[in-house]
Amino acid sequence: MQNHNHVQIKLDGITCSSCVARIEQTLSAMKGVGEVSVNQANETARMKVDKAQRLVEIAQALQKLGYAPQYGNVTLSVNSMSCASCVNRISKSLGQVTGVIDVAVNLPAETVAVKFLQNVVSPTELSSQLTASGYPSEIKETTDSSIKNKQVAREIAYRTLWAALLTLPIFLTEMGGHIIPELANVIESTIGQQTYWTLQFILTTAILAGPGRYFFIRGVPSLLKGSPDMNSLVALGTGAAYIFSTVSTFLPELIPVEVRAVYFEAAAVIIVLILLGRFLEARAKGRTGAAIQKLLGLQVIEARVQRDGESVIVPVDDLQVGDVIIVRPGERIPVDGVIVEGNSHIDESMITGEPIPVAKQADSKVTGGTVNGAGGFSFRATRVGEDTTLSQIIRMVEEAQSTKLPIQSLVDRVTQWFVPAVMFFSALSVLAWFLFGPEPAVTMALVAGVSVLIIACPCAMGLATPTSIMVGTGRAAEMGILFRKGDALQELRSVQIVALDKTGTLTEGRPEVTDFVVAQGFTKLEVLRYVAAVEARSEHPIANAIVSTARRENIDADQPVTDFTSFTGYGVRAKVDDATVLVGTERLMRREQIDLKDFPAVVQKLSRNGRTALYAAIDGQVAAVIGVSDPVKPSSRDVIKALHSLDLKVAMITGDSLETAQVIAEETGIDHVVAGVLPDGKVAALNDLRGEGRKIAFVGDGINDAPALAHADVGIAIGTGTDVAIESADIVLMSGDLGGVINAFEVSNRTMRNIQQNLFWAFGYNTALIPVAAGLLYPFSGILLTPVLAAGAMALSSVFVLTNALRLRKIVPVMRML
């Protein structure tokens, strides 16, 4: 179920940017509805609602508007229903679920039929909700949205085929008559013109009433409501040609002989070409969502679980946190967890983008959707259902693909007046030809007016941005880059400075103790025992390094500790054996008024060698200085070099000492260093770097980085970091490798360039061809665009935009993950 009252509804009938504008206007005007964003490419409407019940009103409004939401139906088999009060409780429980439209409880049959909005809630969630409310249930029967989508594509193909078959006789005889004059003479001398026109009328009527009726059912009501769309333009154009031809056929006396003609061929061929364009669009749209389908394909249906001492196969939806799951060689891992027994190598490429299998053993984390190698193991489930990493990735990608970029606002402003302007220009063209055109003026006027209506359909405009976003973010996900917010695609391209955290971002994040300098009157083992006992309560990487060192010295770090206190950005304090132990930075020691004796000189020497130095104090006396080294990631220098090649400045923001930070900066080629910064100070450091309006991206991985990730123009989180950091970021690098930053820039640049190409084509196409369709070239060259050619050009325009967007599937990582 979608969180924070944000819902995404799948709709039918979104064909152009005018549809998008109409839906957004209608939904935005509704009470309790906000942040509306409609995506033409995947035919969805995303919005924020104040309560679950509001969706019933939204669905009714969309149905009335002519854009039917896609519904799903599920029948749940329910146990423990015994009376009418059970019926009421079940109805109330399911009725409160966001996305549920109708609930019908059958007490004798012990079933519940639920009608729900596709994409908003799933049958599994409905079953879980009912079970949680005290009525154990299981799915008995359900619809499949993927099957429905295939049925829609087949329906378009079927309508296109029938329209083409009915049009073929008209097209062959009309075109043949122009190419081979003898054919026209044969038709005239055998069946006669009137019969020939009547046969064309019958076939064209069948086309418009059958395969082409969709355009009239959708377009005419929109036209009457004063909000015409693409369907209105097609209905007007083909309708005008059809009516003129019908009058010429059956009421010829109403039309002068010199302009008496039929255009049944134009009306029929226009329908065929536009349907063919729709079919090609449907196929291309399916390919734009290939990344999501691939991710969905990673989800496992069943799992082998240890229960009551036996191995049993259960549906993945029935798994619970704590279940021990058995994975055999070659199997896909069903959910997230931690290995309890066995070892193997796991292919995590579909999640992280890393091609090399990763070694796993006891206590290693495994991710649902990844593929086990030759080994076998069992693991304990830690995340199931919607909480798994794969489910979160799918949700992030879907949300990013539904985002409306700032550049889309240009399209929105244009489409608000575009279709009405086209209709006005078409009428103006008809009037100009009728008043000033050569004979046959009426025919010329009709041809020009219909051509303008058909060629100006704004399909390509509406598809230009969302298709590129869908393909670009989908390809990024395959590379292990998650754009949590789609607008980061555009923001990243305008970034001028990249600021990097040090620990875990530039460095491995696995520090090791390299120096342990003890003060006079203390021994190393004594101090290490105290310090390790305190640091065992901390999750900081440096704390883990100290504890590991103690264990190598056979010191038990699991000792009783009291009064443990953590000072963010400073260190920790606790009591061990009634002794007060302080471990942390020089700032902490001076704040606690600890005499550091000659140790600052030792710390300075360690810092010059790239070591991070910590102090340890016991009962108010400085006891030791601990030097820690965190190796720089192998990819860091190459990444920074690549950032420089993009004309970007690189800064490092760290809480470490200036000397240590400068050593790493010199080693990696960083331009600017901000050191000794507390977590809160990272935000201020970003403001200083930003200067006079410069855009800045921040890359980090720890919980201390969350404020900076949220404050930066673009926050990029290393996916191996904490969940808080990831939730604060705009982009997540699942591989944990800094090379993903360069790949994110590559995806951003390529996607935005692709969008600009699409918009240039869409706007340029209409700007250039509308005057041509109106007859601007006729006085100079005698060229007048026919409605048939206009329909073909319009269909090809949308196909061009989709095909261009699909090129983004071929984006290759600039930097391979190490």
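Residues numbered from 1 in each chain as written. Predicted model: local features only at pLDDT ≥ 70, side-chain atom pairs only at ≥ 80, totals over all residues. Heavy atoms only, no water.

The name given to the protein in an unreviewed UniProt entry is ATPase, with the source organism recorded as Thalassospira xiamenensis. Quoted verbatim from the Sequence similarities (unreviewed entry) field of UniProt, the annotation for the protein is "Belongs to the cation transport ATPase (P-type) (TC 3.A.3) family. Type IB subfamily." (UniProt positions renumbered as here; feature names shortened; annotations may be inferred.)

**Q** Any chance you could break down the pattern of salt bridges for me, citing the residues and the numbers?
**A** Two side chains that carry opposite charge are able to pair once their charged atoms sit near each other. Scanning the entire structure with this criterion turns up 17 salt bridges. Residue Arg54 is joined to Glu57 by a salt bridge in which the shortest nitrogen-to-oxygen separation is 3.2 Å. Placement of the pair is Arg54 and Glu57 together in helix H2 (residues 54–65), with a separation of 3 residues, close to one helical turn. Residue classification places Arg54 among the buried residues on the basis of a relative accessible area of 6%. Residue Glu57 is classed as partly exposed on the basis of its relative accessible area of 35%. Taking the shortest distance from any N to any O, the salt bridge between Glu478 and Arg475 comes out at 3.2 Å. (Salt bridge = Lys/Arg side-chain N within 4 Å of Asp/Glu carboxyl O. Helix = DSSP H or I, 4+ residues; strand = E, 2+ residues; numbered from the N terminus. Buried < 20%, exposed > 50% of the residue type's maximum accessible area, 1.4 Å probe, protein only.)

**Q** Any chance you could break down helix H4 (residues 123–132) for me, citing the residues and the numbers?
**A** Helical geometry note: an α-helix holds 3.6 residues per turn, so side chains three or four residues apart project in the same direction. Those residues of H4 lying buried are Pro123, Glu125, Leu126, Ser127 and Leu130. Looking at the residues trailing H4, positive phi occurs at Gly134, about 105 degrees.

**Q** Summarise the sheet that holds strand E8 (residues 302–307); cite the residues concerned and give the values.
**A** Strand order in the open sheet made by the 6 strands is E9-E8-E10-E16-E11-E14, with antiparallel pairing throughout. The sheet is open, and its two edges are formed by strand E9 (310–315) and strand E14 (365–366), each paired on a single side. (Pairing = 2+ DSSP bridges.)

**Q** Please set out the sheet that holds strand E17 (residues 481–483) residue by residue, giving values where relevant.
**A** Paired through their backbone hydrogen bonds, the strands of a sheet run either parallel or antiparallel. The strand order across the open sheet built from 7 strands is E17-E29-E28-E27-E18-E25-E26, with neighbouring strands paired in mixed fashion. Sheet topology places E17 and strand E26 (672–674) at the edges, where each strand pairs with a single neighbour. This sheet shows a mean twist of 20 degrees between the axes of neighbouring strands, independent of strand direction. Relative to strand E25 (residues 649–653), strand E18 (residues 497–501) runs parallel, the two being bridged by 5 bridges. For Leu500, the partnering residue across the bridge sits in E25 and is Met652. (Axes fitted to C-alpha atoms, helices over the stretch in contact; angles between N-to-C directions.)

**Q** If you had to explain the nonpolar core to someone new, which residues and values would you point to?
**A** Counting residues in each nonpolar core, the largest one holds 138 residues, and the members touching the most others are Leu27, Met47 and Ile58. Ignoring any residue separated from it by four or fewer positions in sequence, one finds Met47 in contact with Asn5, His6, Val7, Ile9, Leu27, Val33, Gly34, Glu35, Val36 and Ile58. Judged by nonpolar contacts, the second largest core, of 30 residues, contains Ile546, Val547, Val583 and Ile618. (Core = buried A, V, L, I, M, F, W, Y, C linked by side-chain atoms within 4.5 Å. Contact = heavy atoms within 4.5 Å.)

**Q** A description of the UniProt feature "transmembrane region" (unreviewed entry) in the protein should follow, citing residues and the corresponding values.
**A** Taking the UniProt record as the reference, the feature "transmembrane region" (unreviewed entry) is found at residues 156–175, 195–212, 233–255, 261–280, 417–436, 442–465, 759–778 and 784–806. Between the end C-alpha atoms of residues 417–436 the distance is 28 Å, and the span holds 100% helix and 0% strand. Along residues 759–778 the backbone is 85% helical and 0% strand, and the end-to-end C-alpha distance reaches 28 Å.

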